[in-house]
Amino acid sequence: MASTNLDSDFLAIWLRALNQPSLDNVTPSLVGAWATERHLAVEELEERAVGAFETTRSIVLKVNGARACFPKVTAAGDPAWQKRRVGADRTAAIWEKMEWFLPLWVANGQLQALLKAVDESPKERAIQIFDYHTSTIYTLAFQAVCIAQIMPRAHSLRDFCPLAREAYLAFYSGYRASSIAALIPAIEGALSRIVADAGGNLTMPDKVDRAVSRAIERAARLHFEDMWVPRQYLTTEYLLGQDERVLIFETFRRWLRSSFFCNTDEYDGTSWLNRHLFAHATTSSWQQPLNFRKLIVAIATMGAIESWHDGSGQVSLFFPSMNDDSTLLWHQAMLRAELHGLANSIEEKHYHKYGR
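These figures come from a predicted structure and were not determined experimentally.

So, how was this worked out
- Residues numbered from 1 in each chain as written.
- Predicted model: local features only at pLDDT ≥ 70, side-chain atom pairs only at ≥ 80, totals over all residues.
- Heavy atoms only, no water.
- Helix = DSSP H or I, 4+ residues; strand = E, 2+ residues; numbered from the N terminus.
- Buried < 20%, exposed > 50% of the residue type's maximum accessible area, 1.4 Å probe, protein only.
- Contact = heavy atoms within 4.5 Å.
- Areas by Shrake-Rupley, 256 points an atom, 1.4 Å probe, with all protein chains shown as cover.
- Lys, Arg positive; Asp, Glu negative; His and termini not counted.
- Charge placed at Lys NZ, Arg CZ, Asp CG, Glu CD.
- Axes fitted to C-alpha atoms, helices over the stretch in contact; angles between N-to-C directions.
- Parallel < 35°, antiparallel > 145°, perpendicular 65-115°, else oblique.
- Nonpolar A, V, L, I, M, F, W, Y, C, P; charged D, E, K, R; others polar.
- Pairing = 2+ DSSP bridges.
- 1 Å grid on protein atoms, 1.4 Å probe; cavity = no way out; pocket = protein on both sides within 12 Å on 5 of 7 lines; lining within 4 Å.
- Points joined across faces, edges and corners; volume = space filled by probe spheres on them.
- Core = buried A, V, L, I, M, F, W, Y, C linked by side-chain atoms within 4.5 Å.
- Phe/Tyr/Trp six-rings, centres within 6.5 Å; stacked < 30°, edge-to-face > 60°.
- Expected span 1.5 Å × (residues − 1).
- Salt bridge = Lys/Arg side-chain N within 4 Å of Asp/Glu carboxyl O.

Chemist: For the overall build of the protein chain, give the residues involved together with the corresponding values.
Modeler: Each helix and strand counted, the protein chain has 14 helices and three strands in total. C-alpha atoms of the protein chain, sized along the principal axes, occupy 95 × 40 × 40 Å. Split into buried and exposed, the 356 residues of the protein chain put 46% on the buried side. Considering only contacts in the protein chain between residues 6 or more positions apart, those separated by 24 or more positions represent 63%. In the form shown here, the protein chain has an accessible surface area of approximately 16,900 Å², with 51% of it arising from carbon and sulfur atoms. Side chains of the protein chain give 37 positive and 40 negative charges; the mean places of these two sets differ by 3 Å.

Chemist: Which residues make up the packing of helix α3 (residues 79–97) against helix α4 (residues 108–118), and what values do they have?
Modeler: Two elements in contact, α3 and α4, have axes whose closest approach is 10 Å; the angle formed by their N-to-C orientations is 75 degrees. Taken together, the axes of α3 and α4 are roughly perpendicular relative to one another. Mapping the contact onto sequence places Thr 91, Ile 94, Trp 95 and Lys 97 in α3 and Leu 111, Leu 114, Leu 115 and Val 118 in α4. Among the residues making up the contact of α3 with α4, the classes are represented as six nonpolar, one polar and one charged.

Chemist: Could you give an account of the sheet that holds strand β1 (residues 42–50), with specific residues and numbers?
Modeler: Think of a sheet as strands paired side by side through backbone hydrogen bonds, with each pair either parallel or antiparallel. Taken in spatial order, the three strands line up as β1-β2-β3 in an open sheet, and their pairing is antiparallel. The open sheet has two edge strands, β1 and β3 (66–71), and neither has a second partner. Recorded for the sheet is a direction-independent mean angle of 20 degrees between the axes of neighbouring strands. Looking at chain direction, strand β2 (residues 56–63) and β3 are connected through six bridges and run antiparallel. Across the sheet, residue Leu 61 finds its bridge partner in β3, namely Ala 68. The strands touched by helix α2 (residues 28–37) within the sheet are β1, β2 and β3, with β1 carrying the most contacts at an inclination of about 145 degrees.

Chemist: I'd like to hear about the layout of surface pockets, residue by residue, with values.
Modeler: For the largest pocket, the calculated volume is near 550 Å³. Lining the largest pocket we find 26 residues, and of these Phe 53, Leu 102, Asn 108, Glu 244 and Ile 248 sit closest to its centre. Only α3, α4 and α11 (244–260) provide two or more residues apiece to the lining of the largest pocket. Considering the residues around the second largest pocket, the lining is formed by ten residues, among which Trp 228, Val 229, Pro 230, Arg 231 and Leu 234 are closest to the centre.

Chemist: Explain the nonpolar core residue by residue, including any values.
Modeler: The biggest cluster of nonpolar side chains holds 111 residues, and the ones touching the most others in it are Ile 187 and Trp 255. For this core, the leading source of residues is helix α13 (residues 289–310), giving twelve residues. Not counting residues within four places of it along the chain, the set of residues in contact with Ile 187 comprises Trp 255, Leu 256, Phe 260, Phe 261, Leu 295, Ala 298, Ile 299 and Met 302.

Chemist: Could you give an account of the packing of aromatic side chains, with specific residues and numbers?
Modeler: Going through the model one piece at a time under the given rule, you end up with 25 aromatic pairs. Residues Tyr 233 and Tyr 238 carry aromatic rings whose centres are separated by 5.0 Å and whose planes lie at 75 degrees to one another, so their mutual orientation is edge-to-face. By relative accessible area, Tyr 233 is classed as buried at 1%. With a relative accessible area of 2%, Tyr 238 lands in the buried category. One aromatic cluster is present, formed by Trp 100, Phe 101, Trp 105, Phe 130, Tyr 138, Phe 142, Phe 252, Trp 255, Phe 260, Phe 261 and Phe 319 through successive ring pairs.

Chemist: Describe α11, naming the residues involved and giving the relevant values.
Modeler: In this model, α11 (17 residues) spans 22 Å end to end at C-alpha, consistent with the 24 Å of a helix rising 1.5 Å per residue. Among the 17 residues that make up α11, 13 are buried, leaving the element largely enclosed by the rest of the structure.

Chemist: Give a detailed account of the pattern of salt bridges, specifying residues and quantitative values.
Modeler: Inspection of every chain in the model, using the stated rule, returns 24 salt bridges. Note that Asp 197 and Arg 214 form a salt bridge whose closest N and O atoms lie 3.4 Å from each other. With Asp 197 in the loop between α8 (176–194) and α9 (204–223) and Arg 214 in helix α9, this residue pair connects regions lying 17 residues apart in the sequence. Overall, the relative accessible area of 31% leaves Arg 214 in the partly exposed class. Several salt bridges share partner residues, and in doing so they unite Asp 209, Glu 250, Arg 253, Arg 254 and Arg 257 into one network.

What follows is the structure, given as structure tokens:
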């Protein structure tokens with residue numbers, strides 16, 4: 001990033017660009033002349049596309065070892081950007097209907113199949129379709145990797161790792177409700193640890209916003225190659241349709257705020273995975289098996305948010321290959337499930353013996 005003095009120089013150049021009849025009229029030679037007028041030694045100057053995913057036509061200037069990016073399209077009026085933004089909003093709305101978020105660590109082909117199946121479905125049917133599809137995505141092996149390889153890498157989750165292992169094994173031993181109940185508070189606990197530096201006076205929505213906004217800010221800077229760029233291009237408003245990481249983080253924020261942490265009287269979903277409904281015993285419908293898979297993935301995703309919030313890079317956006325620890329945990333869960341099935345069979349024969 002540029003120094004404070006260079007920030008002022010770059011902003012002045014950008015304001016001159018905005019005074020042109022159109023940003024399309026801004027050329028590298030014009031930017032170079034403006035930089036020279038400000039007594040800046042131009043080291044590099046080129047027009048190129050900038051962006052980690054969808055790109056923005058820009059002029060890139062390097063002076064005094066710092067680089068600035070001056071977009072050649074407006075932050076809201078570009079037709080190509082508007083089309084991508086409409087697509088991102090539609091995608092986010094479908095995930096909201098499923099009471100979930102655009103997930104990490106899932107192949108795009110699987111995501112597109114799910115989105116297509118849910119697109120025209122009413123909300124209750126969307127949850128059923130989501131349950132069916134994710135049963136083949138968030139498998140026992142997938143969950144084992146989340147618990148054994150992803151969660152331990154995040155400082156905010158390390159205290160919960162033994163609990164997550166125990167809940168995982170208990171769930172596949174037949175203790176489903178207690179396993180789900182054990183994990184629901186972990187999301188709130190992890191979130192509080194992530195934003196601990198802000199003090200203890202933040203409300204839960206404030207904690208969500210602080211954690212996710214910082215993750216998005218870091219993704220935004222990386223999107224533009226850590227260059228100076230006008231502030232309006234670093235916003236979620238602009239980047240939602242430009243950067244997949246921003247879309248993931250923002251839909252995760254919306255799930256936390258509008259579904260998981262929303263007030264009891266505001267919840268209008270059908271999965272019932274809501275912290276207040278659970279804590280105040282308003283309903284027992286949160287015991288759905290689907291919610292266990294969702295909790296494991298949501299807690300692991302909190303690790304990714306922490307990693308981008310503090311810039312530690314400890315939790316990768318790429319799903320790791322199974323190691324010996326997660327393989328053993330997976331095998332333990334399968335054995336527990338087999339033993340649970342055997343126990344049920346024995347119990348059934350016992351009940352029949354006594355006419356029950």
